[in-house]
Amino acid sequence: MRIKNLLTLNLFCFFVLVGTLRAQNKYNAIHSGVVLFDQHNKEVNAHGACIVKEGSKYYLFGEYKSDTANVFVGFSCYSSTDLMNWEFERIVLPVQHDGLLGPNRVGERVKVMKCPTTGEFVMYMHTDNKGYKDPNIGYATCKTINGNYKFQGALLHEGNPIRKWDMGTFQDTDGKGYLLIHHGVIYELSSDYKSATRMVDSNKKGGEAPAIFKSKGVYYWLSSNLTGWERNDNMYMTATSLEGPWTFRGLFAPKGTLTWNSQSTFVLPIVGKKDTTFMYMGDRWSHPRQGSTATYVWQPFTIEGDSISLPDFKQSWKINPSTGKGAIVSLEGQIIENTDKVIHFSGDWQHSSATDESHDSRSDIKGASFSLTFTGTQIGLYSSARPDGGYARVVIRDRKGRIVISSAIDMYCKYPETSLKFLSPKLRKGSYTLTVTVLGESWWWVDKHNGKTGSTGDFISINKVVVR
């Protein structure tokens with residue numbers, strides 16, 4: 001009996017190890033602009049995020065968004081050892097019974113720092129009502145980085161709540177913590193990080209979505225223009241002191257790219273033995289399907305002197321956390337063009353000629369779809385996004401018809417561009433069927449002045465497929 005029990009235990013440990021290894025190796029690169037999947041093949045749902053390194057792991061905190069309403073659902077936590085593969089830990093701060101983060105409230109732009117004087121982890125966020133007319137900066141605390149955070153209420157400065165909206169945080173090399181507010185406001189935090197002790201600067205030059213990082217004695221302040229969830233060309237300022245003076249430096253991505261279709265949220269220093277890479281973290285918002293189709297744009301900054309840039313869009317790249325050096329990764333595999341006969345179209349589709357720049361097939365008819373059966377471990381879809389782009393449903397089934405992956409894609413962009421729009425996690429080698437369907441919905445938003453922005457149509461498209 002004892003031998004049988006030991007055999008059972010060893011087999012159990014083996015399968016746990018195999019499952020863990022499989023979960024940790026879904027991706028071999030950081031892929032921007034596509035939905036990422038966790039160890040359960042669920043979308044990584046962590047928006048307006050930050051990343052904190054603790055021990056040998058990186059922890060991603062973000063807004064756990066809904067596809068049905070712009071209300072606070074909770075703040076999520078994911079962990080990774082390589083910044084490519086993320087495992088869901090838990091909702092570390094759920095909806096409260098009442099108060100600033102109670103039902104039908106807004107909770108956004110969550111940031112976490114470890115207080116060096118107490119060893120406690122302190123979380124900050126923007127709280128509001130659904131009409132964005134009751135802004136506050138709130139905070140929560142926890143003894144462990146991935147534990148259950150306790151909401152403490154509003155963060156105070158001189159005994160009064162800080163009633164602002166877009167915010168961020170910055171921890172300097174001396175351990176001091178700072179709260180960043182839209183339009184260039186910086187508060188220094190107390191030694192326990194639980195209150196603001198003084199206003200460091202208020203230069204009024206910065207926009208929304210503030211983020212700061214420091215390299216070789218220079219501080220870089222990132223922010224976006226005020227276009228709600230619509231993407232725009234983000235900007236930056238520099239200074240040699242947080243107290244300023246700050247110098248406006250302009251855009252850090254090519255004009256018209258809309259910061260590669262993203263809004264700044266955080267910059268992660270990846271400090272290695274040979275180099276330090278500063279990773280820009282941006283959100284590609286997608287209202288109303290923020291939970292399933294909003295994606296992340298994570299790019300390595302190019303730093304020359306005291307200038308920073310994201311000169312081109314690195315679709316897939318990786319970083320070695322030990323050395324701090326990054327490298328481009330090519331997505332290689334069997335190429336299947338949109339005109340290939342193995343792709344089966346259902347419904348009304350427009351097929352452009354091979355001489356067309358887009359060279360794709362597109363449809364805006366709800367329920368129209370295309371599908372193909374493939375054998376391999378991973379599949380990627382390249383599509384053209386346009387001002388009239390919409391949402392698509394993506395489903396992968398195994399040879400027995402069971403759903404392995406079910407997600408969605410946003411094909412809206414203010415300017416025409418073609419890139420990777422979907423990439424499955426690595427699957428067990430086998431035969432699968434990919435089906436992509438027009439949902440008949442698209443990205444939209446109504447701003448504070450009742451002006452509607454977003455897509456003018458519901459088109460989805462296919463340019464090519466890559467099977468690995």
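The following refers to the structure shown.

The rules behind each value
- Residues numbered from 1 in each chain as written.
- Predicted model: local features only at pLDDT ≥ 70, side-chain atom pairs only at ≥ 80, totals over all residues.
- Heavy atoms only, no water.
- Helix = DSSP H or I, 4+ residues; strand = E, 2+ residues; numbered from the N terminus.
- Polar contact = N/O pair within 3.5 Å; in protein donor to acceptor, adjacent residues only side chain to side chain.
- Pairing = 2+ DSSP bridges.
- Axes fitted to C-alpha atoms, helices over the stretch in contact; angles between N-to-C directions.
- Core = buried A, V, L, I, M, F, W, Y, C linked by side-chain atoms within 4.5 Å.
- Buried < 20%, exposed > 50% of the residue type's maximum accessible area, 1.4 Å probe, protein only.
- Contact = heavy atoms within 4.5 Å.
- Lys, Arg positive; Asp, Glu negative; His and termini not counted.
- Salt bridge = Lys/Arg side-chain N within 4 Å of Asp/Glu carboxyl O.

Let's talk about the environment of Ser76
Next, step 1: Positionally, Ser76 belongs in strand 4 (residues 74-80).
Next, step 2: The spacing of Ser76 and Val44 is 32 residues in sequence and 9.2 Å in space, taken between C-alpha atoms.
Next, step 3: Within the structure, Ser76 has its side chain in polar contact with the backbone oxygen of Asn45 (distance 2.7 Å).

What to know about the sheet that holds strand 17 (residues 218-224)
Next, step 1: Within the open sheet, the four strands sit side by side as 16-17-18-19. Their pairing is antiparallel. In the strand order of this sheet, the two ends are held by strand 16 (208-215) and strand 19 (247-251), each with one partner. Strand after strand, the sheet turns through a mean of 25 degrees between neighbouring axes, direction not considered.
Next, step 2: In this structure, strand 18 (residues 235-239) lies alongside strand 19, joined through four bridges in antiparallel fashion. Within strand 19, the position partnered with Met235 by the bridge is Leu251.

Notes on the nonpolar core
Next, step 1: Counting 76 residues, the largest nonpolar core has Ile51, Leu60, Phe61, Met123 and Tyr149 as its most contacted members.
Next, step 2: The residues contacting Met123, other than those within four sequence positions of it, are Phe61, Phe75, Val92, Leu93, Val110, Lys111, Val112, Gly138, Tyr139, Ala140 and Tyr149.

Examining the side chain of Asp82
Next, step 1: Following the sequence through the fold, Asp82 ends up in the loop between strand 4 and strand 5 (87-94).
Next, step 2: Although Asp82 is buried, it makes no salt bridge; Lys426 carries the closest opposite charge, 9.7 Å away.
Next, step 3: Here Ser80 takes part through its side chain, which lies 3.1 Å from a polar atom of the side chain of Asp82.
Next, step 4: Polar side-chain contacts of Asp82 include one of 2.8 Å to the backbone nitrogen of Met84.

What about the pairing of strand 2 (residues 47-54)?
The side chains of a regular strand alternate between the sheet's two faces.
Next, step 1: With six of eight residues buried, strand 2 lies mostly within the body of the structure.
Next, step 2: Sheet topology places strand 2 next to strand 3 (residues 57-63); six bridges connect them, and they run antiparallel. Residue pairing across strands places Cys50 opposite Phe61, the latter belonging to strand 3.
Next, step 3: The loop that links strand 2 with its antiparallel partner strand 3 comprises two residues; one of these, Gly55, has a positive phi angle of about 70 degrees.

That is the geometry; function is a separate question.
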